[in-house]
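# Chains, contacts and geometry: an overview
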Amino acid sequence: MTSQYRVNYHLRSHKRDNLIEFIKGMLLTPFVLHPHDEESKATQEQENANRYAGIFGSIEMLIDEHRELLQAGIPTHSRLAKLVPSIGTFFTRLPLEAAFRHINRTNRISARKHVPPSFNDIRRILNMAQVMAIAPELQLVTFDGDMTLYADGQNFADDSPLTVLLIRLLRQGINVAIVTAAGYGTDAMRYEQRLSGLLRGFAKEELTPAQVARFYVLGGECNFLFRCRADYRLEFIDDTMYASSSLRSWTDTQVQQLLDVAEAELADCVLRLGINAQILRKPRAVGLVPHEELTREQLDECALSSQMALLRSQGAPKSEPCDVPIPFCAFNGGSDCWVDIGNKLIGVQILQEMIGSPPQATLHVGDQFLSTGNDFSTRAACCTCWIISPHETQGILTELDAILFQS
């Protein structure tokens with residue numbers, strides 16, 4: 001019963017990625033129709049690899065056609081849009097066939113007899129294709145914090161293998177930013193504490209003022225921007241120096257009214273679900289912080305309930321959180337649930353505008369790309385890589401580093 005429930009839960013729309021599910025279905029056909037022959041394992045593995053590669057090549061062409069029709073202003077006419085109606089924008093080509101062959105050399109997906117290509121296999125191949133495509137033009141890389149650069153709720157460790165990889169990006173002239181939900185207002189020291197290992201790594205490697213000036217931290221999704229100084233400390237940048245007119249148009253009264261709605265909805269979730277938790281209110285966020293571990297389903301319920309309440313309060317119950325007068329982000333943080341004013345879409349766009357980095361030269365790396373996650377909105381602004389741990393972030397950056405220093 002529990003197993004069947006979990007299967008059904010994963011079929012819910014907020015727990016699926018439709019492009020990945022489409023690719024997964026396409027790859028299932030050769031896996032089922034061409035079983036392995038025990039007497040010719042090597043030949044069968046190569047044939048399976050060629051079949052899988054052919055499918056990825058075909059999907060690559062579908063994406064190319066979709067991009068062409070998007071430029072022509074008729075993206076809904078593409079074959080891919082008809083097969084995957086929720087498909088978004090691809091800012092670069094995706095060399096999926098080459099990415100599959102690269103991943104397959106290590107993971108031997110085509111050698112498997114009992115486990116077909118999975119959601120995670122396809123996610124990693126999409127990541128690899130994106131890294132291959134964006135590397136030559138890359139100007140800005142943005143990262144989520146928790147579960148992307150460090151463990152959930154932890155600080156950036158002194159011995160993190162990511163330090164040297166991030167330093168190499170800065171030395172290559174690439175801008176690096178951490179775009180996080182963590183909101184400590186204008187208190188630079190709180191962010192410095194979370195990133196202490198990385199900042200000490202900058203100092204140890206004696207990065208130049210020009211190099212560290214390419215490192216940014218954007219807290220509260222899009223509300224509090226900091227830049228690294230020559231002394232390896234963070235300096236707050238007032239939003240009058242960068243904020244778009246839409247961001248500055250939010251009055252404090254409007255923000256607090258919206259947070260009142262979110263706080264009331266989270267309080268209702270606590271009562272309705274019998275949750276042992278406290279509600280925390282910040283200047284631009286409100287969160288539910290449990291005193292005991294909650295299930296994923298409980299956190300999703302809190303996030304989706306808050307999202308609907310905020311959409312209704314702005315008179316747009318059928319809109320998206322990005323398309324209302326005051327955009328917001330209501331998300332399942334893995335161990336808690338938060339509602340932030342603004343979102344990472346705005347955060348990434350702020351950095352793009354400051355640096356002059358177009359979508360096709362900007363990459364966001366994060367772990368929350370389902371619709372109840374706070375990285376999801378960045379797909380509308382830039383290229384993305386969907387990871388699930390700091391270890392996977394290390395793998396992505398290692399691949400990117402190899403391409404950058406090869407070119």
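Our structure is the block above this text.
In short, a report on the structure. (Residues numbered from 1 in each chain as written. Predicted model: local features only at pLDDT ≥ 70, side-chain atom pairs only at ≥ 80, totals over all residues. Heavy atoms only, no water.)

### Things to note about the pairing of strand β9 (residues 337–341)
This is how it is decided: Each residue gets one of three labels from its accessible area relative to the maximum for its type: buried under 20%, exposed over 50%, partly exposed in between, using a 1.4 Å probe on protein chains only. Starting at the N terminus, helices and strands are each numbered in turn, a helix being any DSSP run of H or I of at least four residues and a strand any DSSP run of E of at least two. We call two strands paired when DSSP finds no fewer than two bridges between them.
Where burial is concerned, most of β9 is hidden: five out of the five residues are buried. Alternating residues of β9 divide into Cys337, Val339 and Ile341 and Trp338 and Asp340, and every residue in both groups is buried. The sheet contact formed by strand β7 (residues 285–290) and β9 spans four bridges and is antiparallel. Note on β9: the bridge partner recorded for Ala285 is Asp340.

### Concerning the sheet that holds strand β8 (residues 328–332)
Quick note on the threshold: Axis definition: a line fitted to C-alpha atoms, over the contacting stretch in the case of helices. Angles run 0 to 180 degrees between N-to-C directions. Pairs of residues are marked as contacts when any of their non-hydrogen atoms sit within 4.5 Å.
Reading across from one edge, β6-β7-β9-β8 is the order of the four strands in this open sheet, with antiparallel pairing throughout. At either margin of the open sheet sits one strand with a lone partner, and together these are β6 (277–282) and β8. Looking at each pair of strands side by side, their axes are set apart by 15° on average, direction ignored. As defined by bridge partners, β8 adjoins β9 across five bridges and the pair is classed as antiparallel. Among the inter-strand pairings, Phe331 is bridged to a residue of β9, identified as Trp338. The sheet contacts of helix α12 (residues 252–273) involve β6, β7 and β9, and relative to β6 the element is tilted by about 175°. Against the sheet, helix α13 (residues 296–313) engages β7, β8 and β9, with an angle of about 165° to β8.

### As for the pairing of strand β3 (residues 215–219)
By the criterion of burial, β3 is predominantly enclosed, with five of the five residues buried. Alternating residues of β3 divide into Phe215, Val217 and Gly219 and Tyr216 and Leu218, and every residue in both groups is buried. In the sheet, strand β2 (residues 175–179) pairs with β3 via four bridges, with the strands oriented parallel. Within β3, the position partnered with Ala177 by the bridge is Tyr216. Adjacent in sequence and paired antiparallel, β3 and strand β4 (residues 224–228) are bridged by four residues, among which Gly220 carries a positive phi angle near 60°.

### Notes on unusual backbone geometry
Positive phi outside glycine occurs at Met147, with the angle close to 65°. Looking at the secondary structure, you find Met147 in the loop between β1 (140–143) and α7 (162–171). Its identity is not glycine, yet Glu206 carries a phi of approximately 55°, on the positive side.

### Let's talk about the pattern of salt bridges
Short version of the rule: By definition, a salt bridge exists where a carboxyl oxygen of Asp or Glu is found within 4 Å of a side-chain nitrogen of Lys or Arg.
Enumeration according to the criterion identifies 23 salt bridges in this entry. Across the pair Asp121 and Arg112 runs a salt bridge whose closest N-O atoms are separated by 2.5 Å. On the basis of relative accessible area, Asp121 is assigned to the buried category, the value being 6%. Arg124 is the salt-bridge partner of Asp121, the closest N and O atoms lying 3.8 Å from each other. One end of the pair is Asp121 and the other is Arg124, both in helix α6 (residues 119–134) and three residues apart, which spans about a single turn. For Arg124, a relative accessible area of 29% gives the class partly exposed. Among the ionic contacts, a cluster of salt bridges with common partners joins Arg112, Asp121, Arg123, Arg124 and Glu392.

### Observations regarding helix α9 (residues 196–204)
One turn of an α-helix holds 3.6 residues; hence residues three or four places apart share an orientation. Residues of α9 that are buried include every one of Ser196, Gly197, Leu198, Leu199, Gly201 and Phe202, and no others. At the exit of α9 stands Glu206, carrying a positive phi of roughly 55°.

### Details of the nonpolar core
Stated formally: Note on terminology: a nonpolar core comprises buried Ala, Val, Leu, Ile, Met, Phe, Trp, Tyr and Cys residues joined through side-chain atoms within 4.5 Å.
Counting residues in each nonpolar core, the largest one holds 79 residues, and the members touching the most others are Ile23, Leu80, Leu96, Leu169, Phe202, Phe215 and Leu234. Core analysis: the second largest hydrophobic core is formed by 38 residues, Ala177, Tyr216, Leu310 and Ala330 among them.

### Considerations on the side chain of Asn175
Note on placement: Asn175 falls in strand β2. Owing to a relative accessible area of 10%, Asn175 belongs among the buried residues under this scheme. In this structure Asn175 touches Gln139, Leu140, Val141, Arg214, Tyr216 and Ile355, once residues within four positions along its chain are discounted.

### With respect to the packing of helix α2 (residues 18–33) against α6
Keep this limit in mind: For classification purposes, angles smaller than 35 degrees are called roughly parallel, those larger than 145 roughly antiparallel, those between 65 and 115 roughly perpendicular, and all remaining angles oblique. Left-handed is the label given to a crossing in which the near helix is rotated counterclockwise from the far helix by less than a right angle, and right-handed is the label when the rotation is clockwise. Each residue receives one of three labels: charged for Asp, Glu, Lys and Arg, nonpolar for Ala, Val, Leu, Ile, Met, Phe, Trp, Tyr, Cys and Pro, and polar for the others, Gly being one of them.
It is at 9 Å that the axes of α2 and α6 come closest, and there the two elements cross at 115°. Our classification of the angle between α2 and α6 gives roughly perpendicular. Between α2 and α6 the crossing geometry is right-handed. Taking contact as the criterion, the partners of Ile20, Glu21, Ile23, Lys24 and Leu27 in α2 are, on α6, Phe119, Ile122, Arg123 and Leu126. Taken together, the residues of the contact of α2 with α6 sort by class into six nonpolar, no polar and three charged.

All we've got here are geometric facts, nothing functional implied.
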